[in-house]
Amino acid sequence: MRNSLLLVSLLVLVMTTGCWDRQEINDIALVLATGVDYVAQKEVEISVEVKILEGELSSGGGGSTDQTTFVQSARGNTLAEAISVLQQKFSRELFWGHNRVIVFDEEFVRRRLISDELDYFTRFPESRIRDRVVISHTKAKKLLSEIPHLEKSSAELIRELLEVRLGIMVTIRDVLQSIKEDRMGTVIPVVDLANDMYGASQGKQQIELVGSAIFKEGHLIDVIDVGLTRGLLWFRNEIDKATVTIEPEEEEGFISTYMIHAETKLIPEIQDGQLKMTVQAISEDDVIQNTTGLNLSEIDTLKSVERQLEERIQGRLEETAERVQKQLKSDVFGFGIVFNQQYPDEWKELRDNWDGTFATIDIEYDVKVHVRRLGLSAR
């Protein structure tokens, strides 16, 4: 009987004991996005986009509002100090577990090392190294304050823009790892605010992907546009969605194809001390529009179109290589990784002067395009 009473007492104790470290939802402020702006050499400004929970919207006079987030900012000598000051402005504890993206304004990364600030997020328990990192032409505070058309928050809009793979997508871990690698270049997507000139909200600004920031040894050296970014995605085997349009040689008009599958392989080779890289790119496309009179069901015509598509893609690759390899000399292609894997012994000597060596690599292109479907049209 005594043992039975003891067992019952233990069960009651276990069942009535709650989680000692549990935080109630109404005791925390959910951070969705973080912005970091340059103020001065020894001062930074941090801005956070915070979720307004359902039932907590204040209409300020009986009206209604569609706003579901708000932005708050604070300044400090370091990111950690700025966050400490920021917390003092909230009646609830900031919770960073829902943070999705970190935005650095361009002036900040031109003047200070981005790795120094990302170091904070790798040490902070609540942060996640899978958070996306982007650079903004506009001040991060202003960018996060814009209310998007479709998404409920700027954080969600930026995340969705990156998820559709129209540009580079990197995390905190990716950035820090690429900086740590021997002479490897770093690339981070760039966003900006663009005016809505023709939509229902004329004059309203929206967040758009506008290119990629190229870093060398942690320092920003240049920003490339969307077109070159697409070429960069080809080199990195990250191209996913693309529409390619050509003006056929045979007849006036345009033919547009949509990529349904693509793959890029980098094949390194060392001959008599000279480094060579073969870029093997394969694309499978569907025809989505044909404004010419060409009959694509004819084999010779289709082969000609495929050849012209190959030339268009190779041209984009060559243009990207000219800018990144010859001018910027930052290996964001990942050539060094491939040579290290294929020639580990030679790499021990190559890595000490990789920037110079990277710029002299002979690049050959092997581009193949296969048009799989012509659509329902008879031509």
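Computed from a predicted model, the values in this text were never measured in an experiment. (Residues numbered from 1 in each chain as written. Predicted model: local features only at pLDDT ≥ 70, side-chain atom pairs only at ≥ 80, totals over all residues. Heavy atoms only, no water.)

Asker: Whenever I open this one, the overall build of the protein confuses me. Can you help?
Answerer: Looking only at helices and strands, the protein has 12 helices and 13 strands in total. For the protein, the exposed surface amounts to about 20300 Å²; the carbon and sulfur share of it is 47%. (Helix = DSSP H or I, 4+ residues; strand = E, 2+ residues; numbered from the N terminus. Areas by Shrake-Rupley, 256 points an atom, 1.4 Å probe, with all protein chains shown as cover.)

Asker: Hey, could you run me through the pattern of salt bridges in this one?
Answerer: Oppositely charged side chains may form a pair once their charged atoms are brought near each other. Counting across every chain of the model gives 23 salt bridges. Note that R110 is salt-bridged to E106, the shortest N-O span being 2.7 Å. Of this pair, R110 and E106 both sit in helix α3 (residues 106-111), 4 residues apart, which is roughly one turn of that helix. For R110, a relative accessible area of 45% gives the class partly exposed. Close ionic contact of R159 with E160 constitutes a salt bridge, the shortest N to O distance being 2.9 Å. Of the residues examined, E160 reaches a relative accessible area of 29% and is grouped as partly exposed. Here the salt bridges share partners, and the residues they tie into one network are D105, E107, R111 and K139. (Salt bridge = Lys/Arg side-chain N within 4 Å of Asp/Glu carboxyl O. Buried < 20%, exposed > 50% of the residue type's maximum accessible area, 1.4 Å probe, protein only.)

Asker: Sorry, what's going on with the nonpolar core here?
Answerer: Most often, soluble globular proteins have nonpolar side chains that are buried together. F104, I114, L118, I135, F333, F335 and W354 are the most contacted members of the largest nonpolar core, which totals 84 residues. At 8 residues, helix α9 (residues 299-328) tops the list of elements feeding residues into this core. Residue contacts for F104: discarding those within four places in its chain leaves V36, V109, I114, E117, L118, V133, V134, I135 and S136. One finds L32, L144, I158 and L162 within the second-largest nonpolar core, a separate group that totals 17 residues. (Core = buried A, V, L, I, M, F, W, Y, C linked by side-chain atoms within 4.5 Å. Contact = heavy atoms within 4.5 Å.)

Asker: I'm lost on the environment of V191 in this one. Help?
Answerer: Here V191 shows up in strand β7 (residues 186-195). V191 sits in the buried class, given a relative accessible area of 1%. Along the sequence, V191 and V210 sit 19 residues apart, while their C-alpha atoms lie 5.4 Å from each other. Discounting residues that sit within four places of it in the chain, V191 has contacts with V134, I135, S136, H137, L143, I207, E208, L209 and V210.

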